[in-house]
Amino acid sequence: MPRIMKTAGARRYLVLALLVLMALLFWFSLPRPLFREPLSTVLLDCSGNLLGAKISADQQWRFPESDHVPEKFRLAVTHFEDRYFRYHPGFNPVALARALSLNIRHGRIVSGGSTISMQVIRLARKNRNRTYLEKIIELFLAFRLECSYSKAEILRLYASHAPFGGNVVGLDAAAWRYFSVDASNLSWGEAATLAVLPNSPGLIYPGRNPRALLARRNYLLGLLCERGVIDAATCNLARSEKLPEKPFPLPQLAPHLLDRAAREGNCGTRVNSTLDIGLQKRISDILNIRSIQLRANEIHNAAALVLEVNTGKVLAYIGNIPAGDSREHGSNVDIICSPRSTGSILKPFLYAAMLNDGLLLPNTLVPDIPMQVGGFIPENYNLTYDGAVPAKMALSRSLNIPAVKMLQTYGYEQFYALLRKLGMTTLVKPAGHYGLSIILGGAEANLWDLAGIYASMARTLSHYTENGSTYSKTDFHPPLYLSREAEQKQPFNDQSSWFDAGSIWLTFEAMVEVSRPDAEQQWQQFSSSHKIAWKTGTSFGNRDAWSVGVTPEYVVAVWAGNASGEGRPGLTGVGVAAPILFDIFKALPSTTWFTLPGAALVRVPVCRYSGYRATPVCEFTDTVWIQKQGSKTAPCPFHQLIHLDKSGRWQVSSNCESPENMQHVPWFVLPPVQEWYFRNKNPFYKVLPPFRPDCAGTSDRKNMDIIYPKNNSIIYIPVELDGKPGSTIFKVVHRNAATLVYWHLDDHFIGTTAQVHQMALSPGRGRHRLTLVDQNGETLAIGFEVISN
């Protein structure tokens, strides 16, 4: 008896173990995920509109799974493929019995009796041979599928992976390829056409068997009408719709952003971008129209980026001008991400940085005279000099020499570090590699980084006034093209940012005054109705044309040139990129202007002529807004009290005239070289009266200076074509041009000059010393080196 009981117990445990094993086999029989095929990368705009797609790695148009199935297709496909889909457990016994009867009667497989659930399993198993064993496996796995997935999920799997003929897989891809619409916008005729395709995708392919396809579609429409899904009028209207003759090309409205998204970890996904499809189309049209004019000058590439300031969202991304079906002239290159020489486009950052650090005021005079730093000889675009120019005007006129002078004061190492903090990712070499040339195009930047920095400045300024005069350093961030990134919010509790609000506001005010071409009358009309801070840049050799515009709502950044780097005459930021910029702003909604950040500014009197903080000696002053840090800038160094005799014609001193016979007069005095250029362009400037002959040599004021060469310069003097040693022009200025200046080279007298103080010299190789003595005894000496002659 005990032995029998033990045997019965063992059997129960064995049965239980088998049941557990079968349950485990049943549960784990369904692979996860069901489908592992490579998917197309799909780019959508902010409203879910299709911008473009990349074919999958196996060359199929197979979109990622959708989160819903359109109602029309759901009804059409269930009535055609599986009327009782909502009720059965994965298989339909009646349908299977009917299929078995038909197959026996015909002696071959003519019907499978498969439900939509079984078809999902067959698709997941790569459409294996249709055998009775395979059918049993499909039935088993379909039942297992129903245990884990809802009916809606199963239908989504079917719609996403069903074949629709050719290399088109899935409803979303089919809707675009055959009808050029989103699946949610399919008509009844279109939905019925697509519902019958998976049943026989190879046989009924649009354009191949139109009669068979039309018959099946109309049959389904009749079935839907018969079952009360649609009325007779809708059925007749749907039957009148034409069938597609061949697949449509998918939209390619942002191909460069699509490629970028795939590279940046979004390959095979549905990329929900921040772009606006309407704006993307309008700006693409603007560039295409402008490209006709550009190509007439052999300029083949252009790019534009539009950002929403408040969030940093990318609203439009045109990476290049399309070139039809060819890739000629590098039209496939995404210029927005490509490093290019910056020209002058970085100058506003330096201006803002110096304001932020209290190193200048908006109208502080900056030298604009010939200069040489080692082998670096910067020149203004128009090859002229103003002597001295207000910093604000130097920025608006994009003068090169004042920018280099400002960078000398600020320090190129510090500026380099600042640019990297602001978000400039293309500075891959040490600061010393770029040196002072970084401000004139010696470094490379891309449109993405530049637009991001300008937008960050605008965002910081707007948020400062909106959030109780507080900052958030997170306002400085790159542009955002993924919707999920743009939804993140950051707190405002910082007391400072990379630039203070006052400095940003003053910088944008200076950029509003950028000189427009006089010939462009429409620009003057446009600027009167839209206040825009904008800056252009042109790289050396006319290879790159830049333009960036900023308002509280938008940042627009434009580049034009050749991807190959070929320069072209007339390829300038003002002449080529700026017109595109203003065309784009015309296509945008109306914009406002920045609120004055009163908490970050103070009103102070400044010298009208020098732009420095006024001193008691300054004759004319203006009370203006300056950044708070500007209060620590130096007072005006150029206004001095000079002493004149009673006639007012001569300068005197206590060594030659009694104080009671003197007039004490404030005078605006620039250094000699600056004065020489400044007075020619500023009629108000009065040259100092000369000293009375009996007072000569009693002043320590410098009256003479050398324009070229500067002290310790290295000079290259080429040999002439005839083989004779060449020469170079040495140039000196004197406050009183009529004064005689005596020239000495290496302590040997070589001549005198008056009025025009310049001399052609041919010193030999090596170190030399030039000594100048004027008729009043003032002496000036420099050393220089000649490296070839």
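Residues numbered from 1 in each chain as written. Predicted model: local features only at pLDDT ≥ 70, side-chain atom pairs only at ≥ 80, totals over all residues. Heavy atoms only, no water.

Caption draft 1: Examining the sheet that holds strand S20 (residues 713-716) more closely. Spatial strand order, S20-S26-S25-S22-S23: five strands in an open sheet with mixed pairing. Strand pairing shows two members of the sheet lacking a second neighbour, S20 and strand S23 (748-753), which therefore form its edges. On average, adjacent strands in this sheet sit at an angle of 30° to one another, irrespective of strand direction. Bridge count for S20 against strand S26 (residues 779-788) is four bridges, and the pairing is parallel. Residue pairing for S26: Tyr716 is matched across the bridge by Ser788. (Pairing = 2+ DSSP bridges. Helix = DSSP H or I, 4+ residues; strand = E, 2+ residues; numbered from the N terminus. Axes fitted to C-alpha atoms, helices over the stretch in contact; angles between N-to-C directions.)

Caption draft 2: Up close: the pattern of salt bridges. According to the stated counting rule, one finds 18 salt bridges in the structure shown. One salt bridge connects Glu675 with Arg735, and the closest N-O pair in it is separated by 2.7 Å. Taken together, the residues Glu675 in helix H23 (residues 672-681) and Arg735 in the loop between strand S21 (728-734) and strand S22 (741-745) connect sequence positions 60 residues apart. Of the two residues examined, Glu675 and Arg735, each falls in the buried class. Connected via shared salt-bridge partners are Asp386, Arg397 and Lys681. (Salt bridge = Lys/Arg side-chain N within 4 Å of Asp/Glu carboxyl O. Buried < 20%, exposed > 50% of the residue type's maximum accessible area, 1.4 Å probe, protein only.)

Caption draft 3: Region of interest: the nonpolar core. Ranked by size, the top nonpolar core spans 93 residues in total, and within it Phe415 and Phe508 carry the most contacts. Of all the elements, helix H18 (residues 447-466) adds the most residues to this core, at 11 residues. In this view, Phe415 contacts Leu346, Phe349, Leu350, Leu407, Tyr410, Ile438 and Ile439; residues no more than four positions away in its chain are not counted. Counting 61 residues, the second largest nonpolar core, distinct from the first, contains Val77, Ile154, Phe164 and Ala238. (Core = buried A, V, L, I, M, F, W, Y, C linked by side-chain atoms within 4.5 Å. Contact = heavy atoms within 4.5 Å.)

Caption draft 4: The arrangement of unusual backbone geometry in detail. A cis amide bond, omega 0°, links Tyr708 with the succeeding residue Pro709. Within the secondary structure layout, Pro709 lies in the loop between strand S19 (704-708) and S20. Of note in the backbone geometry, Ser469 takes a positive phi value of approximately 60° without being a glycine. In this fold, Ser469 is placed in the loop between H18 and helix H19 (483-486).

Caption draft 5: Layout of helix H20 (residues 501-512). Compared with the 16 Å implied by 1.5 Å per residue over 12 residues, the 17 Å span of H20 between its first and last C-alpha is a close match. For H20, the set of buried residues is Ala501, Gly502, Ser503, Ile504, Trp505, Leu506, Thr507, Phe508, Glu509, Ala510, Met511 and Val512. If you check the start of H20, you find a side-chain oxygen 2.9 Å away from the backbone N of Gly502, and it comes from Asp500. (Expected span 1.5 Å × (residues − 1). Polar contact = N/O pair within 3.5 Å; in protein donor to acceptor, adjacent residues only side chain to side chain.)

Caption draft 6: Structural detail: the packing of aromatic side chains. Using the criterion set out here, one finds 25 aromatic pairs in the structure. Relative to Phe582, the ring of Trp534 has its centre 5.0 Å away and its plane inclined at 80°; by these criteria the two rings are edge-to-face. A residue pair is termed long-range when its members are at least 10 positions apart, and Trp534 in strand S12 (residues 533-538) and Phe582 in helix H22 (residues 573-587) qualify at 48 residues. Taking relative accessible area as the criterion, Phe582 reaches 4% and is therefore assigned buried. Through a chain of ring-to-ring contacts, three or more aromatic side chains come together here, namely Tyr609, Tyr612, Phe620, Phe638, Phe668, Phe678, Phe684 and Tyr685. Taking NZ or CZ as reference, Lys151 lies 4.7 Å from the ring centre of Phe85, over its face. Taking the ring centre of Trp667 as reference, the NZ or CZ of Lys686 above it sits at 4.7 Å. (Phe/Tyr/Trp six-rings, centres within 6.5 Å; stacked < 30°, edge-to-face > 60°. Lys NZ or Arg CZ within 6 Å of the ring centre and 35° of its normal.)

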